[in-house]
Amino acid sequence: MPKIVELKNINKVYGEKTPNPTQVVFDLSLDIEEETFNSIIGQSGSGKSTLLNILGTLDKATSGDVIINGKNTQNMSKNELSTLRNETIGFIFQFHYLLPEFTALENVLMPYKISKKPITLDVINRANELLEIVGLTKVKNNLAMNMSGGQQQRVAIARALINNPKMILADEPTGNLDSDTTEQVYTLLREINKRYKTTFIIITHDRHIAEKADRIIEIKDGRINLDIQKLN
Amino acid sequence: MKLALHIAWRFLSSAKRQTLIIVLGIAVGVSVQVFIGSLISGLQKSLVDTTIGSSSHITLSKDEFGLIDDYDIIIDYLNEVDSLSVVVPTVTLPEGILSKDLITKEILLRGFDLSLAERIYKFEDKLTDGNQMPDQPFEIILGIGLKQALGVNVGDQIDYELRGVPQTFTIVNFFDFKVNVINQTWAVTTLETAQTVLNSPSLTSIETQMKDVFQARIIASAFTEIFASEGIGVTNWMDLNEELLSGLNGQSTSSTMIQVFVIISVVLGISSVLAITVLQKSKQIGILKAMGIKDRDASFVFLFEGFILGIFGAIGGILLGLGLLYSFQTFALNPDGTPVVPLFIEPSFIMLSALIALIASTLAALIPAIKSSKLTVIEVIRNA
């Protein structure tokens, strides 16, 4: 299976120019294969979120290479990174981060609009289809600010999928949801993984959830402590 | 760009109250500009008009009441000058004496081509007894002050003596310039009659009015050079009214100052409100950037916000300013019911005010826009 992401000897130091720099990731190397469902676990402060941000090109590694979809991102310009993110990566955050001023449907279409391609009927149909998959057809024209937390998180999932990204990065996507909703959301993510062959990298501290992934990577003190690959 | 505009519009329309307050702020600024600017320029126009509207702007004459002999060539030349609106051949005779029944008054007898002089002096508006003007030889109209001083009436004959030569005129009307000196000393007749009294077919001076009165000094200095060889001197209203001019200048400067400070306060206001909006919307900007919006487009969101606020502020400001002007016209009246300051609305000035507001609003959004462009997703995620 080809690799969607390769991390090579990643180091991340915060406050490099201060008297007390803090290194949070130590010489970490990691490959993620396409179409897989991966979970990253670790205690808070272990460096897992930093790792995910580096994976998503939201943060820059202090040293090392981040190769996404075969392209090394370390020397890309900000605009190139923006385009890469827009086309290749979908994000789902713990605090869903919808644009509260826009409706569910508009939020789902936003990454597509950012790509500046003309809005076609096909795209709108796709957005509606995604909203149907996440079970929000009825409320698609409601403003995001008038939706429940679970609904907003499902909009965020639909939004992450609109540009058909090769990979979705999720940081505690169910962190502020109740256990029933959490279960629904994970079932949904797995379904999407099977249906669209999208690679998932999900940070969670819920072992029960992590165990459902194909691969569990545990981060401890900025290093990989455990890497368990499930055999299918 | 289209996306940035769309987002800007949605940001503004979803925070209606805040948007309304900023628009109102800009509108008040623009309205003050429109109001003060129009008021001052109306005031200046009416001041200039009352002061020099009914007098010669540039006068050509020879020293010591010398005579201009071959004036046809000069008049023809002046009629070709584009910036002059009217050229009036004039004979002015000082030191004449009018007398009626032992009462005598020293007067200035002025002979004009009356149809042309009408355009400078507007006699017809100032006549007190009907609209009869001198058209026969030795007909005369007198200042209203002379009517009382000499105890004369329309139709009376009156004696006139210049350097010992007596003449008799028929009074056909009186005029009231509302200026005492003129009402007490001017007697006006036709050019031909004045030339007969002068006993010469020449002129004593040529009076003119300008299309743009503030060009008088420049045009006058050109005339000075052209006519110096003929021994003709040139005077202009600007040199004769230095005090008025410096007053007008002072007024313009203070009006400009007020307008500049109003703009500065509008810019600071918008800038600070938009800076706060960037903070309010940093979560949104962060997520847009995570989704791949380019820094440039992210900053355009705020530039467009400034631009949209500017458009609505300018429109609101113009309406508010015109409303102020209208109410000032309607409620600030002289005892005779005319407005204290005549209304003078210059569309180009109002458009300029609107344009300045628009540019200022957009510029005010520049700092917030740069701030938004520098915002990183990581900052937003960390501060969530």
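Since we're looking at a predicted model, the values are computed, not measured.

1. Things to note about the overall build of chain A
Secondary structure summary: chain A contains 7 helices and 10 strands in total. In terms of its C-alpha atoms, chain A occupies a principal-axis envelope of roughly 50 × 40 × 40 Å. Every one of the 232 residues in chain A was classed for burial, and the buried ones make up 55%. Contacts spanning at least 24 positions in sequence make up 70% of the contacts within chain A whose residues lie at least 6 apart. Only carbon and sulfur atoms are counted for the fraction: they give 48% of the accessible area of chain A, which is about 10500 Å². Positive and negative charge centroids in chain A, built from 28 and 28 side chains respectively, lie 3 Å apart.

2. A closer look at helix α6 (residues 179-196) of chain A
Count 3.6 residues to each turn of an α-helix, and residues three or four apart come out pointing the same way. All names here are of chain A. When the terminal C-alpha atoms of α6 are compared, their 26 Å separation across 18 residues agrees well with the 26 Å that a helix rising 1.5 Å per residue should span. Every buried residue belonging to α6 is among Thr-181, Thr-182, Val-185, Tyr-186, Leu-188, Leu-189, Arg-190, Ile-192 and Asn-193, and all of these are buried. Tucked into the core, α6 has its buried residues touching β3 (37-41), β6 (89-92), α4 (121-133), α5 (149-161), β8 (199-203) and α7 (207-210). Residue Lys-197 follows α6 closely and has a positive phi angle near 60°.

3. Quick look at the sheet that holds strand β5 (residues 71-72) of chain A
Residue and element names in this part refer to chain A. Reading across from one edge, β2-β1-β4-β5 is the order of the 4 strands in this open sheet, with antiparallel pairing throughout. A strand with exactly one partner marks an edge of an open sheet, and here the two such strands are β2 (22-33) and β5. Pairing of strand β1 (residues 3-14) with β2 involves 8 bridges; the strand directions are antiparallel. Paired with Lys-12 across the bridge in β2 is Val-25. The sheet strands contacting helix α1 (residues 48-55) are β1, β2 and β4 (63-68), and the helix crosses β1 at an angle near 125°.

4. Some remarks on the packing of α5(A) against α6(A)
The angle between the axes and the distance between the axes are what describe a pair of packed helices. Residue and element names in this part refer to chain A. Axis separation between α5 and α6 bottoms out at 11 Å; the angle between their running directions is 10°. One element, α5, and the other, α6, form an angle in the roughly parallel class. Within the contact between the two elements, α5 uses Gly-150, Arg-154, Ile-157 and Leu-161 and α6 uses Thr-181, Val-185, Leu-188, Leu-189 and Ile-192. A per-class count over the contact of α5 with α6 returns 6 nonpolar, 2 polar and 1 charged.

5. Digging into the interface of chain B and chain A
The partner chain A presents 26 residues to the 27 residues of chain B that form the contact. Considering only the surface of chain B that becomes buried against chain A, B:Arg10, B:Ile287 and B:Met291 emerge as the three largest contributors, covering 24% of it. Joining chain B to chain A, the criterion identifies 4 salt bridges. Among the salt bridges present, the one from B:Arg10 reaches A:Glu106, with a minimum N-O distance of 2.6 Å.

The rules behind these values
- Residues numbered from 1 in each chain as written.
- Chains lettered and ligands numbered in written order.
- Predicted model: local features only at pLDDT ≥ 70, side-chain atom pairs only at ≥ 80, totals over all residues.
- Heavy atoms only, no water.
- Helix = DSSP H or I, 4+ residues; strand = E, 2+ residues; numbered from the N terminus.
- Buried < 20%, exposed > 50% of the residue type's maximum accessible area, 1.4 Å probe, protein only.
- Contact = heavy atoms within 4.5 Å.
- Areas by Shrake-Rupley, 256 points an atom, 1.4 Å probe, with all protein chains shown as cover.
- Lys, Arg positive; Asp, Glu negative; His and termini not counted.
- Charge placed at Lys NZ, Arg CZ, Asp CG, Glu CD.
- Expected span 1.5 Å × (residues − 1).
- Pairing = 2+ DSSP bridges.
- Axes fitted to C-alpha atoms, helices over the stretch in contact; angles between N-to-C directions.
- Parallel < 35°, antiparallel > 145°, perpendicular 65-115°, else oblique.
- Nonpolar A, V, L, I, M, F, W, Y, C, P; charged D, E, K, R; others polar.
- Buried area = accessible area lost by both parts, 1.4 Å probe.
- Salt bridge = Lys/Arg side-chain N within 4 Å of Asp/Glu carboxyl O.

Taken by themselves, the reported measurements are silent on function.
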